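Analysis of the macromolecular model
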Amino acid sequence: MFLIVAKYLIPKGYRGMAVFPFIILKYHLDKENPVFVNHEKIHLRQQLELLVLPFYIFYVLEYIIRLIQYKNKDLAYRNISFEREAYANETDLNYLRNRSFFGFLNYITLK
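Residues numbered from 1 in each chain as written. Predicted model: local features only at pLDDT ≥ 70, side-chain atom pairs only at ≥ 80, totals over all residues. Heavy atoms only, no water.

An unreviewed UniProt entry lists the protein chain under the name DUF4157 domain-containing protein, with Flavobacterium bizetiae as the source organism.

1. Brief notes about unusual backbone geometry
Working note: non-glycine residues mostly have negative phi, and peptide bonds are mostly trans. Put simply, the rule is: Numbering goes from the N terminus for both helices and strands, where a helix is a DSSP run of H or I of at least four residues and a strand is a run of E of at least two.
Omega for the peptide link from phenylalanine 20 to proline 21 comes to 0 degrees, which places this bond in the cis form. One can find proline 21 in the loop between strand S2 (16-19) and strand S3 (22-25). Although it is not a glycine, valine 52 sits at a positive phi angle of roughly 65 degrees. If you trace the backbone, valine 52 turns up in the loop between helix H1 (34-49) and helix H2 (53-70).

2. A closer look at the packing of aromatic side chains
The condition is simple: Between the rings of Phe, Tyr and Trp (Trp by its six-membered ring), a pair exists once the centres lie within 6.5 Å; its type follows the angle of the planes, with under 30 degrees stacked, over 60 edge-to-face, and the other angles tilted. Note on exposure labels: buried denotes an accessible area under 20% of the residue type's maximum, exposed denotes more than 50%, and partly exposed covers the range between, all computed with a 1.4 Å probe on protein chains only.
Inspection of the entire model under this criterion finds 10 aromatic pairs. With 5.6 Å between their ring centres and 45 degrees between their planes, phenylalanine 55 and tyrosine 59 make a pair best called tilted. Residue phenylalanine 55 and its partner tyrosine 59 are both found in helix H2; the two are separated by four residues, about one turn of the helix. Using a relative accessible area of 3% as the deciding quantity, one classes phenylalanine 55 as buried.

Structure follows, in structure tokens:
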């Protein structure tokens, strides 16, 4: 994992993103934020499990499905299974040690 601060690579409205094997941050201060970095590390693990490229395909497909479902881009983003797992466990700094393989599958719902 490599932490990189690159303000102009991050889309508007976001503070960071994981692009295996990098975590790209908008603000230098976020390098010192263990919860934020843990959230992005969870995404790196998800990407590894799906061999990187399929992760992005599933991510975009699920976002489109959620956008149709919720008709709201922020709600759609928050309900992507990968994001639900990361947000639910970002404060547990030991989560990745105990996480089951394909743990994001536990967060797929059609609520």
